[in-house]
Structure formats: C-alpha cells, structure tokens
Amino acid sequence: MTTKTLSAAAILSVSRLEILRAALVVFTLGAGLVYLAGFSYASVAHNAAHDSRHSLGFPCH
C-alpha cells in the first residue's frame, strides 16, 4: 500500500488564471445577490429570510 502526499509547493502552484477565474465567479455571484436584494420588494426579502430562518431551526418571533 502506498500513500501519496502533496508537498506545499504542489498545493500552492495554483495558476493566477485559476485564481482570477474564481475571483470573477465570486464577484459575479455577490453582485447578483446584491442586485436581487436591492431591487426586491421589502416583503419578498423579509419572507425569504423568515422562511430560511425557520428551515434552519432558528426562531425569529
């Protein structure tokens, strides 16, 4: 039985293109969430947060 181990250099050898691509995806998702939350009606945002809290088991009232 052999075990493969990764060196620190192999783990840190992520290319800049991959980092840039991941940052772009995160930025796009974050901007989309801010956009949707900014233009939604207050009651829609409240109900979404309210249902999420209850589905996770947190009381809110």
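Analysis parameters
- Residues numbered from 1 in each chain as written.
- Predicted model: local features only at pLDDT ≥ 70, side-chain atom pairs only at ≥ 80, totals over all residues.
- Heavy atoms only, no water.
- Helix = DSSP H or I, 4+ residues; strand = E, 2+ residues; numbered from the N terminus.
- Buried < 20%, exposed > 50% of the residue type's maximum accessible area, 1.4 Å probe, protein only.
- Areas by Shrake-Rupley, 256 points an atom, 1.4 Å probe, with all protein chains shown as cover.
- Expected span 1.5 Å × (residues − 1).
- Phe/Tyr/Trp six-rings, centres within 6.5 Å; stacked < 30°, edge-to-face > 60°.
- Patch = residues over 30% accessible without salt bridge, like charges linked within 9 Å, V, L, I, M, F, W, Y side chains within 5 Å.
- Salt bridge = Lys/Arg side-chain N within 4 Å of Asp/Glu carboxyl O.
- pLDDT = per-residue confidence, 0-100.

1. As for the overall build of the protein
Along the backbone of the protein there are three helices and zero strands. For the protein, the α and β elements follow one another from N to C terminus as α-α-α. A burial count over the protein gives 2% of its 61 residues as buried. Split by element, the accessible area of the protein, about 5900 Å² in all, is 71% carbon and sulfur.

2. A few points about helix α2 (residues 16-39)
Residue pairs spaced three or four apart in an α-helix point in one direction, given the helix's 3.6 residues per turn. For α2, spanning 24 residues, the distance from its first C-alpha to its last is 34 Å, which sits close to the expected 34 Å at 1.5 Å a residue. The buried fraction of α2 is low, at zero of 24 residues.

3. Regarding helix α3 (residues 42-55)
Under the 1.5 Å per step criterion, the end-to-end length of α3 is 20 Å for 14 residues, consistent within 8% with the ideal 20 Å. Looking one or two residues past α3, G57 carries a phi angle of roughly 90°, positive in sign.

4. Some thoughts on the packing of aromatic side chains
Evaluation of the coordinates by the stated rule reveals one aromatic pair. Geometrically, the ring pair formed by Y35 and F39 is tilted, given 4.9 Å between the ring centres and 55° between the ring planes. Residue Y35 and its partner F39 are both found in helix α2; the two are separated by four residues, about one turn of the helix. One exposure class covers both Y35 and F39, and it is exposed.

5. Regarding a nonpolar patch on the surface
A grouping of Y35, L36 and F39 is seen on the molecular surface, where their side chains present a nonpolar patch of about 410 Å² in accessible area. We classify F39 as exposed; its relative accessible area is 64%.

6. Points about the confidence of the model for the protein
Taken residue by residue, the protein gives an average pLDDT of 79. The fraction at 70 or more is 80%. By mean pLDDT, the top-scoring element of the protein is α2 (90), and the lowest-scoring one is helix α1 (residues 8-11) (60).

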